[in-house]
Amino acid sequence: KKVISLAGSSTDQNRITKDRKPETDASENLSRRLSKIIGNGRLLDLAECYYKLGEYNNALQTYKLITSSEASLDQYAWTQYQIANCYRNMKEFDRAISEYQRFINQYPSGDLIEPAKWYIDDVHWWKSWCEKNALANGHKLEISNSHTTE
């Protein structure tokens, strides 16, 4: 991977690889800086704000900064649940299912187990629907293209 240096001081220079999206790096960099400034207690508040605003990628990156050693058990469990919710809302269905399952395995007697199980079924349904819809739309495009060429 080729590394490109961006302008800045020699001690605080940002680096981006060509394989990564600049906006992802900027988001991760912002989240890292915010975690240093406001600490874990406020990180959860920030992540919740992002989530409520529908900025699921920013919420996800912020939730991932919260550690089990710096949060209460309930806060950390909620964080793990919200990570799965972010993936679901971003329509990353396989990641969402994986995170919900990880949550269920990690907190088998938690209050959010039933909603997590329900969301696993819901995500499976949406994934199937999206796949069927994409196939149906592709088929319709082929049919409409063949009719326009005649």
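The present account deals with the structure reproduced in this document. (Residues numbered from 1 in each chain as written. Predicted model: local features only at pLDDT ≥ 70, side-chain atom pairs only at ≥ 80, totals over all residues. Heavy atoms only, no water.)

## What about the pattern of salt bridges?
Working step 1: Applying the stated rule across the entire model yields 3 salt bridges.
Working step 2: One salt bridge connects Glu99 with Arg102, and the closest N-O pair in it is separated by 3.1 Å. You can see Glu99 and its partner Arg102 sitting in helix H4 (residues 93-106), 3 residues apart, about one turn around the helix.
Working step 3: Notably, a salt bridge pairs Lys117 with Glu114, separated by 4.0 Å at the nearest N-O pair. (Salt bridge = Lys/Arg side-chain N within 4 Å of Asp/Glu carboxyl O. Helix = DSSP H or I, 4+ residues; strand = E, 2+ residues; numbered from the N terminus.)

## Focus: a nonpolar patch on the surface
Working step 1: Together, Trp125, Trp126 and Trp129 make up an exposed nonpolar region whose accessible area comes to about 360 Å².
Working step 2: Mapped onto the elements of the fold, Trp126 is located in helix H5 (residues 113-148). (Patch = residues over 30% accessible without salt bridge, like charges linked within 9 Å, V, L, I, M, F, W, Y side chains within 5 Å. Areas by Shrake-Rupley, 256 points an atom, 1.4 Å probe, with all protein chains shown as cover.)

## Description of the packing of helix H3 (residues 73-89) against H4
Working step 1: Look at H3 against H4: their axes get within 7 Å of each other, and the N-to-C directions meet at 160°. Taken as axis vectors, H3 and H4 run roughly antiparallel relative to one another. Judged by the sense of rotation from one axis to the other, the crossing of H3 with H4 is left-handed. Contacts between H3 and H4 involve Tyr76, Ala77, Gln80, Tyr81, Ile83, Ala84, Asn85, Tyr87 and Arg88 on the former and, on the latter, Phe93, Arg95, Ala96, Glu99, Tyr100, Phe103 and Gln106.
Working step 2: Here the residues of the contact of H3 with H4 are counted per class, giving 10 nonpolar, 3 polar and 3 charged. (Axes fitted to C-alpha atoms, helices over the stretch in contact; angles between N-to-C directions. Parallel < 35°, antiparallel > 145°, perpendicular 65-115°, else oblique. Left-handed = near helix turned anticlockwise from the far one by under 90°. Contact = heavy atoms within 4.5 Å. Nonpolar A, V, L, I, M, F, W, Y, C, P; charged D, E, K, R; others polar.)

## Points about H3
Because each turn of an α-helix spans 3.6 residues, side chains separated by three or four positions in sequence point in the same direction.
Working step 1: Counted at 1.5 Å a residue, the expected span for H3 with its 17 residues is 24 Å, and the 24 Å between its end C-alpha atoms agrees.
Working step 2: Along H3, the positions that sit buried rather than exposed are Tyr76, Ala77, Thr79, Gln80, Tyr81, Gln82, Ile83, Ala84, Asn85, Cys86, Tyr87 and Arg88.
Working step 3: Looking one or two places after H3, you find Lys91, whose phi comes out positive at around 60°. (Expected span 1.5 Å × (residues − 1). Buried < 20%, exposed > 50% of the residue type's maximum accessible area, 1.4 Å probe, protein only.)

## Considerations on the nonpolar core
Working step 1: Counting 28 residues, the largest nonpolar core has Tyr63, Tyr100 and Phe103 as the members making the most contacts within it.
Working step 2: Here this core gets 7 residues from one element, more than from any other, and that element is H3.
Working step 3: Among residues more than four places away in sequence, those in contact with Tyr63 are Leu44, Ala47, Glu48, Tyr51, Thr79, Gln82, Ile83 and Cys86. (Core = buried A, V, L, I, M, F, W, Y, C linked by side-chain atoms within 4.5 Å.)

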